[in-house]
Amino acid sequence: MDNFIKKETNKKPIIKRIGVVSKTINSLTIEAIGADDDKDQLKYKLYIGNSKENLILHSEEKEGTSNVSVQWEVLGLQEYTKYYYKVEVTDGIDIVTTNIKEVMTNRTNTAPTVANLEIESKTTNSMKIKANATDAEDDKLIYTIYFGETADKLTKQTTIEEQNKGEGITFTKADLKEYTLYYYRVDVSDEWDTTEGMGQEVRTYCSGKGAVCEGTTTCTHCNDEGECTRREKSLTTITGYETCSKDGKSKKHTIIKHWCSCRGQGKYTRRRNEGS
């Protein structure tokens, strides 16, 4: 009679968590956490196999109290192989079994190479960066781009997965400042290992190709590499006399020529008359 009453009033245990906490090429560490409102002592069994229909009882049965984890270390597995497992828990009266879960053991892996980087194109306020790496196992690669104005304070921009193996990716960065030096780095992952890239630098183009200096001390011209060929003006001053249209008298005047030896050979000429 006592046993019948206890069965009717018993609260079934539950499994709050089941999962793999670590793995290697030939082993798994599996954890389970159960709970029991009656505070009964819990017993756990692990079943594991390489197919859902062939789960074998692991030799080691575990015991624990409510909300305390138990773990199994499963050894002697095959490299890079899918396994299935489930856990059974009982409080001595009721038995609860989890759904079947699956996990893949690790494999021996070679990390990707450092990405080859190329500035595919750039303007005064944008650029395209091409990145391409290789992988010994021919895995599809994932590229993570970091960018910034300070070499030691790069900010993660995005993560891009290559669409076709071996083709790499192209990253477009917009809203940049004109004629500004930027730093960037591209890391590559094959989902197993990550290879950190080498820091690079690139300067955006300056504007004003073919324009004139307009008398300023900073030339805004640039060559095809986005660099000013001369950043300071060159002045030529010519002093002479000519007839002023106001009163017909000859007045002194000064002509100032500004030259920039940038692309386009810009020239600006200004006449300053004195007394007219």
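Here we summarise the structure given alongside this text. Throughout this description, residue numbers start from 1 for each chain and increase along the sequence as written. Local features in this predicted model are restricted to residues of pLDDT 70 or higher, and side-chain atom pairs are both shown and tallied only at a pLDDT of 80 or more, whereas totals for entire chains, interfaces and linings draw on every residue. With hydrogens and water stripped out, all remaining heavy atoms of the structure feed into the side-chain values.

Next up on the list: the pairing of strand S10 (residues 116-122). For a regular strand, the rule is simple: side chains alternate between the two faces of the sheet. DSSP calls a pair of strands paired once it identifies at least 2 bridges connecting them. Runs of H or I in DSSP of at least four residues are treated as helices and runs of E of at least two as strands, each being numbered from the N terminus. For S10 and strand S11 (residues 127-132), the ladder comprises 6 bridges, and the chain directions are antiparallel. Bridged to leucine 117 within S11 is alanine 131. Between S10 and S11, which pair antiparallel in sequence order, lie 4 residues.

In a beta sheet, neighbouring strands are held together by backbone hydrogen bonds and run either parallel or antiparallel to one another. In space, the 3 strands of this open sheet follow the order S10-S11-S14, with antiparallel pairing throughout. Among the strands making up the open sheet, the edge pair consists of S10 and strand S14 (169-173). Averaged over all adjacent pairs, the angle separating strand axes in this sheet is 25°, with direction ignored. Note on geometry: axes are lines fitted to C-alpha atoms, helical ones only across the stretch in contact, with angles between N-to-C directions running from 0 to 180 degrees.

Positionally, leucine 181 belongs in strand S15 (residues 181-189). When the C-alpha positions of leucine 181 and valine 202 are compared, they lie 5.7 Å apart, and in sequence the two are 21 residues distant. Residues are treated as being in contact if the distance between any of their heavy atoms lies within 4.5 Å. Residues in contact with leucine 181, not counting those within four places in the same chain, are Glu149, Glu201, Val202 and Arg203.

What follows covers the packing of aromatic side chains. In this scheme Phe, Tyr and Trp rings, the latter by its six-membered ring, pair at centre separations within 6.5 Å, and the angle between planes marks the pair as stacked below 30 degrees, edge-to-face above 60, and tilted otherwise. On inspection of all chains with the given rule, the structure shows 2 aromatic pairs. Here, a charge over a ring is recorded when the distance from Lys NZ or Arg CZ to the ring centre is within 6 Å and its angle to the ring normal is within 35 degrees. Taking NZ or CZ as reference, arginine 185 lies 4.3 Å from the ring centre of tyrosine 146, over its face.

As a further point, take the pairing of S15. Here's how the labels work: a residue is buried when its accessible area is under 20% of the maximum for its type, exposed when over 50%, partly exposed in between, all with a 1.4 Å probe on protein chains only. Burial of S15 is extensive: 7 of the 9 residues sit out of reach of the surface. The pairing of strand S12 (residues 142-148) with S15 spans 7 bridges and is antiparallel. Looking at the pairing, tyrosine 143 lines up with valine 188 of S15. Two strands pair when backbone bridges link them, and S15 and strand S17 (residues 200-203) are joined in this way by 4 bridges, in the antiparallel orientation. Across the sheet, tyrosine 184 pairs through a bridge with glutamine 200, a residue of S17. As defined by bridge partners, S15 adjoins strand S16 (residues 194-195) across 2 bridges and the pair is classed as antiparallel. Following the sheet pairing, serine 189 is matched in S16 by threonine 194. Remark: 4 residues form the turn of the hairpin made by S15 and S16, two consecutive strands paired antiparallel; glutamate 191 in that turn has positive phi of roughly 75°.

Here 3 strands make up an open sheet; going across it, the order is S1-S2-S6 and the pairing antiparallel. With one partner strand each, in any of the chains shown, strand S1 (14-23) and strand S6 (69-74) form the two edges of the open sheet. The mean angle between the axes of side-by-side strands here comes to 20°, regardless of whether they run parallel or antiparallel. One ladder, built from 8 bridges, connects S1 with strand S2 (residues 28-35); its direction is antiparallel. Bridge pairing in S2 places isoleucine 15 opposite glycine 34.

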